[in-house]
Amino acid sequence: VIDPGHDRYANSATEPIGPGSSTMKIKDGGGTRGVVSGKPEAVINLAVSKRLAVLLRQAGLRVAMTRTTTSHVSMGNIARAQFANRRHAAAEVRVHCDGSTSGATGTHTLYPAYHRGWTDDIYKSSLRLAKLVQAGLVGSLRFPNRGLDPRSDITGFNWANVPVILPELGFLTNPGEDRVLASSAGQQKAAVGMCRGILRFLGRAPSSCG
């Protein structure tokens, strides 16, 4: 399952951060925007995700996407997790870009922190997927390597029953990274990098990614 982050409109409704939790979190506060390109994160996420879907299908995988347009209110993160759970996905990759007011740069990949009853069943496999996809992205995009981030506050992780990660491809608030990620060539590089990591995770040769 490929989950292009966000959508055209944010979703200010709230939902439990994990099963049985009384802690509520907003469904989707909306994404960032390219400081040079002006492109919304949701648009770039989808463009990269579509390219990734093509590569994975060419490699013989079945692919489902949580959205194929940028035209709706964001579905929220429980719904994104359940989309993958219902399909018993081998992996769920949640494609995002980052934003910062501090001039930050680079690629990093979020994965579920260990939480008994929520993520203990997917923790190890998600970490392995995160390592492989992060390596693929850094090798392809050549942005600074910000490493891996275990997160306990991501609703879409805590509700997932399948291996799940959230790659932050780069910072759209950084002019150089925005120019790359807003371009067709840069989007293809991001897709190739993720494709290689996903295929390695599934025990397949990454050469078919290009």
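Everything that follows concerns the structure shown earlier in this document.
The text that follows walks through the structure, step by step, so that each part is easy to find. (Residues numbered from 1 in each chain as written. Predicted model: local features only at pLDDT ≥ 70, side-chain atom pairs only at ≥ 80, totals over all residues. Heavy atoms only, no water.)

### Side note on the side chain of Ser-21
Now for step 1: Inspection of the secondary structure assignment puts Ser-21 in the loop between β2 (11-16) and β3 (24-28).
Now for step 2: Within the structure, the side chain of Ser-21 is placed 3.0 Å from the backbone nitrogen of Thr-23, a separation counted as a polar contact.
Now for step 3: Residues contacting Ser-21, with those up to four places away along its chain left out, are Pro-16 and Trp-118. (Helix = DSSP H or I, 4+ residues; strand = E, 2+ residues; numbered from the N terminus. Polar contact = N/O pair within 3.5 Å; in protein donor to acceptor, adjacent residues only side chain to side chain. Contact = heavy atoms within 4.5 Å.)

### Overview of the pairing of strand β5 (residues 107-112)
Now for step 1: Of all six residues in β5, six are buried; the element is thus mostly enclosed.
Now for step 2: Burial along β5 is two-sided: Thr-107, Thr-109 and Tyr-111 facing one way and His-108, Leu-110 and Pro-112 facing the other are all buried.
Now for step 3: Direction of pairing for β5 relative to strand β6 (residues 145-151): parallel, over a ladder of six bridges. Counted as the bridge partner of Leu-110 is Asp-149 from β6. (Buried < 20%, exposed > 50% of the residue type's maximum accessible area, 1.4 Å probe, protein only. Pairing = 2+ DSSP bridges.)

### A look at helix α1 (residues 41-58)
Now for step 1: Between its first and last C-alpha, α1 extends 26 Å over 18 residues, near the 26 Å set by a 1.5 Å rise per residue.
Now for step 2: Burial in α1 covers these residues: Glu-41, Ala-42, Ile-44, Asn-45, Leu-46, Val-48, Ser-49, Leu-52, Ala-53, Leu-55 and Leu-56.
Now for step 3: Looking at the buried positions of α1, the neighbouring elements they touch are β1 (2-4), β4 (92-98), β7 (164-171), α5 (175-181) and α6 (184-201).
Now for step 4: Remark: Gly-60 follows α1 within two positions and exhibits a positive phi of approximately 95°. (Expected span 1.5 Å × (residues − 1).)

Keep in mind these numbers describe shape, not what the thing actually does.
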